[in-house]
Amino acid sequence: MLRALSGLTTRGRCLLAAGIAAAVCSLVLNERDLLRVAVFVVALPLLVAAFISATRLRLGATRALRPERVAVGASGEVHLELWRSGRLPGGEVLLEDGVPYALGSKPRFVVERLPHDRRVLLRYPLQPLLRGIQQVGPLRATITDPFGLCEFERELIGHSRLVVVPRVVGLWGLPGGAGVGAGDDGTVRLHAGQGEPDVIVRHYRTGDDMRKVHWRSTARRDEVMVRVEERPWRGGTTVLVDHRAAAHHGTGPTASLEWAVSFAASVALHLRRSGHRVRLVTEHGITLADTPGEGGEGYDNVVLDALAGLQPAHQRDVTLGHDPAEGQELIAVLGTVSAESVHELARYRPRGVRSLAVLLDTPSWAGSGSSDHQAAATKDAAELLRANGWGVVIAGPQTQMPQAWAELCRTGAHRGALIGGAR
């Protein structure tokens, strides 16, 4: 009974207090009619509280997210099913589902008469604005009576996990020679002479076995070239995404970090669908995902899920300690990088291995400079990268991702460009 009374509203408590006061007055004044009124006034909120308390235990609900993985800017939908069991009639039910602000407004539903013989289907949309692992819920039901005397709140469903993946943009084309090996244009394939099979050669690297030196190619190119034992059927590419908080500017969906993550996702999926093995790493050399060159949508989800949960890192500088691409071609999406960070990137990348970078002009995301005048630090970093053999494209907030990718494909290993809003 105490549990039932805890659900009384202010109106119900006032009515109960008025009934008790009327009963006391009827005894003092010896007014039986007033006593009858007092009994009715006291009994009404008590009966309603007992009835609502019994009804609320017979509610059930389910939640379904459609789909459970949705891209930023796309639309999703939540399906709720509500039912009750037993023969007792139900009162008015107010439903409110917990929705983070990044997914839209919190939905509210009022079900006046909940039938006991069928389920009530409710729907509401989701409009994700930010990537991440979001939690939808809990679903709470508030049951009230028509007089507003009593209400009970109950949690019907807990949390449901929704993965908001970065937006993926369609890209076309590949960097010349991409995926066939090391070097600016991949490995060099030569026909050595009549009856001799084609051989694949590359530049000599410190530690290579001198017995693998291909003297014909060395004499022809005037550089020491070594044989590659066998030609890789499909090469691999490493995509590096810089997610340091200090390297990016802007907030919300228009932040430079979100542009970088979306571009990295677009590049990784485009390369994988083109038959490349794709590794996704951070600016600290930590592997986020590694997918083969073949496979279905499941491998795409591996990349997207890894990027969906990527949060800004607190380290201020790039610290690798090893070649992040492990000898593969490297495509880096970088925020603001210092001279020390550029040297760290170049330190583990041999000149004979192609390295491309999209360098974000992050000051323009912060609104601190015109799109026609890049920050001096951004231009200096780009020149340092180019001096170390990198192909560099500078991108600003107005740069379209297909445009950035097309320009990156044209840079090769030694050409840089200024495009879009970063010119």
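In what follows, the structure referred to is the one given above.
Just so it is clear, the structure is predicted and the values come from calculations on it, not from any experiment.

The rules we used
- Every chain is numbered on its own, with residues counted from 1 as its sequence reads.
- This being a predicted model, a pLDDT of at least 70 is required before a residue's local features are given, and a value of 80 or more before pairs of side-chain atoms are given or counted; all residues contribute to the totals for chains, interfaces and linings.
- Hydrogens are left out, water is left out, and the side-chain values use all remaining heavy atoms of the structure.
- Under the DSSP-based scheme used, a helix requires at least four consecutive residues in state H or I and a strand at least two consecutive residues in state E, with every element numbered from the N terminus.
- In this scheme, a residue with accessible area under 20% of its type's maximum is buried, one over 50% is exposed, and one in between is partly exposed, where area comes from a 1.4 Å probe on protein chains only.
- All accessibility values rest on the Shrake-Rupley procedure with a 1.4 Å probe; residue burial counts only the protein chains present in the view.
- Cavity and pocket criteria rest on a 1 Å grid covering protein atoms alone: a 1.4 Å probe that fits but cannot get out defines a cavity, protein on both sides within 12 Å along at least 5 of 7 lines defines an open pocket, and an atom within 4 Å of a point defines a lining residue.
- Grid points are joined across faces, edges and corners, and a volume is the space filled by probe spheres set on the points.
- Classification used: nonpolar for Ala, Val, Leu, Ile, Met, Phe, Trp, Tyr, Cys and Pro, charged for Asp, Glu, Lys and Arg, polar for all others including Gly.
- Each pair of strands is called paired provided DSSP finds at least two bridges between the two strands.
- Geometry is summarised by axes, namely lines fitted to C-alpha atoms with helices restricted to the contacting stretch, and by angles between N-to-C directions that run from 0 to 180 degrees.
- Only heavy atoms enter the contact rule, under which two residues are in contact if any of them lie within 4.5 Å.
- Take the buried Ala, Val, Leu, Ile, Met, Phe, Trp, Tyr and Cys residues and link them wherever side-chain atoms come within 4.5 Å; each set so joined is a nonpolar core.
- Two aromatic rings, drawn from Phe, Tyr or Trp (for Trp, its six-membered ring), form a pair once their centres lie within 6.5 Å of each other, and the interplanar angle then sorts them: stacked below 30 degrees, edge-to-face above 60, tilted otherwise.

Colleague: Can you help me understand the overall build of the protein in this one?
Modeller: Helix and strand content of the protein: 10 helices and 20 strands. Sorting the 423 residues of the protein into buried and exposed places 49% on the buried side. Carbon together with sulfur atoms contributes 53% to the accessible area of the protein, which is approximately 21000 Å² in total.

Colleague: I'm lost on the layout of surface pockets in this one. Help?
Modeller: Remark: the empty space left among the atoms is shown by a probe the size of a water molecule rolled over them. In this structure, the largest pocket spans a volume of roughly 380 Å³. R167, P253, W259, S262 and M401 are the residues nearest the centre of the largest pocket, which is lined by 20 residues in total. Put simply, the parts of the chain that give the lining of the largest pocket at least two residues each are α5 (256-273) and α10 (401-411). Ranked by the residues each element gives to the lining of the largest pocket, the list is headed by α5, at three residues. Considering only residue class, the lining of the largest pocket consists of 11 nonpolar, six polar and three charged.

Colleague: Got a minute to help me understand the sheet that holds strand β2 (residues 69-71) in this structure?
Modeller: Either a parallel or an antiparallel arrangement is found when strands of a sheet pair, and the pairing is made through backbone hydrogen bonds. Ordered by their spatial adjacency, three strands build an open sheet running β2-β10-β7, and the pairing between neighbours is mixed. Of all the strands in the sheet, just β2 and β7 (132-136) have a single pairing partner and so form its edges. Ignoring strand direction, the axes of neighbouring strands in this sheet form an average angle of 30 degrees. Relative to strand β10 (residues 160-165), β7 runs antiparallel, the two being bridged by five bridges. Residue I133 lies in a different strand from β10, and its bridge partner there is V163.

Colleague: I'm lost on helix α7 (residues 339-347) in this one. Help?
Modeller: An α-helix turns once per 3.6 residues; consequently, residues spaced three or four apart project the same way. The complete set of buried residues in α7 reads S341, V342, E344, L345 and A346. Structurally, α7 contributes buried residues whose contacts are with β17 (329-334) and α9 (376-387).

Colleague: Is there a simple way to explain the nonpolar core in this structure?
Modeller: One broad rule of soluble globular proteins: the nonpolar side chains tend to lie buried together. Of all hydrophobic cores here, the largest spans 39 residues; its most connected members are V239, W259, F263, V267, L307 and W405. Of the residues forming this core, the biggest block, 11 residues, is contributed by α5. Not counting residues within four places of it along the chain, the set of residues in contact with L307 comprises R131, P166, V241, V261, A264, A265 and L280. L65, F109, A141 and V164 belong to the second-largest nonpolar core, a separate cluster that totals 36 residues.

Colleague: It is not clear to me how the sheet that holds strand β3 (residues 76-84) should be interpreted in this structure. Could you clarify?
Modeller: Taken together, three strands build an open sheet; the order of strands is β1-β3-β6 and the sheet is antiparallel. Of all the strands in the sheet, the pair left with one neighbour each is β1 (59-66) and β6 (120-126). Taken over all neighbouring pairs, the strand axes of this sheet differ in orientation by 20 degrees on average, direction set aside. Summarising the sheet, β1 and β3 pair through eight bridges and their orientation is antiparallel. Looking at β3, one finds that G60 is bridged to W83.

Colleague: Mind showing me how you'd approach the environment of Q328 here?
Modeller: Examined against the element boundaries, Q328 turns out to sit in the loop between α6 (297-308) and β17. By relative accessible area, Q328 is classed as buried at 13%. Linking Q328 and V239, residues 89 residues apart in sequence, is a C-alpha distance of 9.9 Å. Beyond its immediate stretch of four places on either side in the chain, Q328 contacts G236, T237, T238, R277, R279, R349 and V353.

Colleague: Please explain the packing of aromatic side chains as it appears in this structure.
Modeller: Two aromatic rings are characterised by how far apart their centres lie and by the angle between their planes. Applying the stated criterion across every chain, the model contains three aromatic pairs. Seen in terms of ring centroids, F109 and Y124 are 6.3 Å apart; in terms of plane orientation they differ by 45 degrees. Their pairing is tilted. Here F109, found in strand β5 (residues 108-111), pairs with Y124, found in strand β6; they are 15 residues apart in sequence, far enough to count as distant. For Y124, a relative accessible area of 4% corresponds to the buried category. Ring geometry for W259 against W365: centres 6.2 Å apart, planes inclined by 65 degrees, an arrangement best described as edge-to-face. Note that W259 is positioned in helix α5 and W365 in helix α8 (residues 362-365), a separation of 106 residues in sequence.

Colleague: Could you clarify how one ought to interpret unusual backbone geometry in this entry?
Modeller: Backbone phi values are negative for most residues with the exception of glycine, while trans is the configuration of most peptide bonds. Here R66 and P67 are connected by a cis peptide whose omega angle stands at -5 degrees. Structurally, P67 is set in the loop between β1 and β2. Following G137, the chain continues to P138 via a peptide bond in cis, the omega torsion being 0 degrees. Considering the arrangement of structural elements, one finds P138 in the loop between β7 and β8 (139-144). Of note, the phi angle at N30 is positive, near 60 degrees, even though the residue is not glycine. A positive phi angle is found at E326, which is not glycine, with a value near 55 degrees.

Colleague: Please clarify how the side chain of T291 should be interpreted in this entry.
Modeller: Note on placement: T291 falls in strand β16 (residues 287-291). Setting aside its immediate chain neighbours within four residues, T291 contacts R272, R277, V278, Y299, V302 and V303.

Colleague: Sorry if this is basic, but what is going on with the pairing of β10 here?
Modeller: Strand residues, when the strand is regular, have side chains that alternate between the two faces of the sheet. Within β10, five of the six residues are buried, leaving the element largely enclosed by the surrounding structure. Taken together, the three bridges between β2 and β10 define a ladder with parallel strand orientation. By the bridge assignment, R69 is partnered in β10 with V163.

Everything listed here is a matter of coordinates, which is why it stays silent on function.
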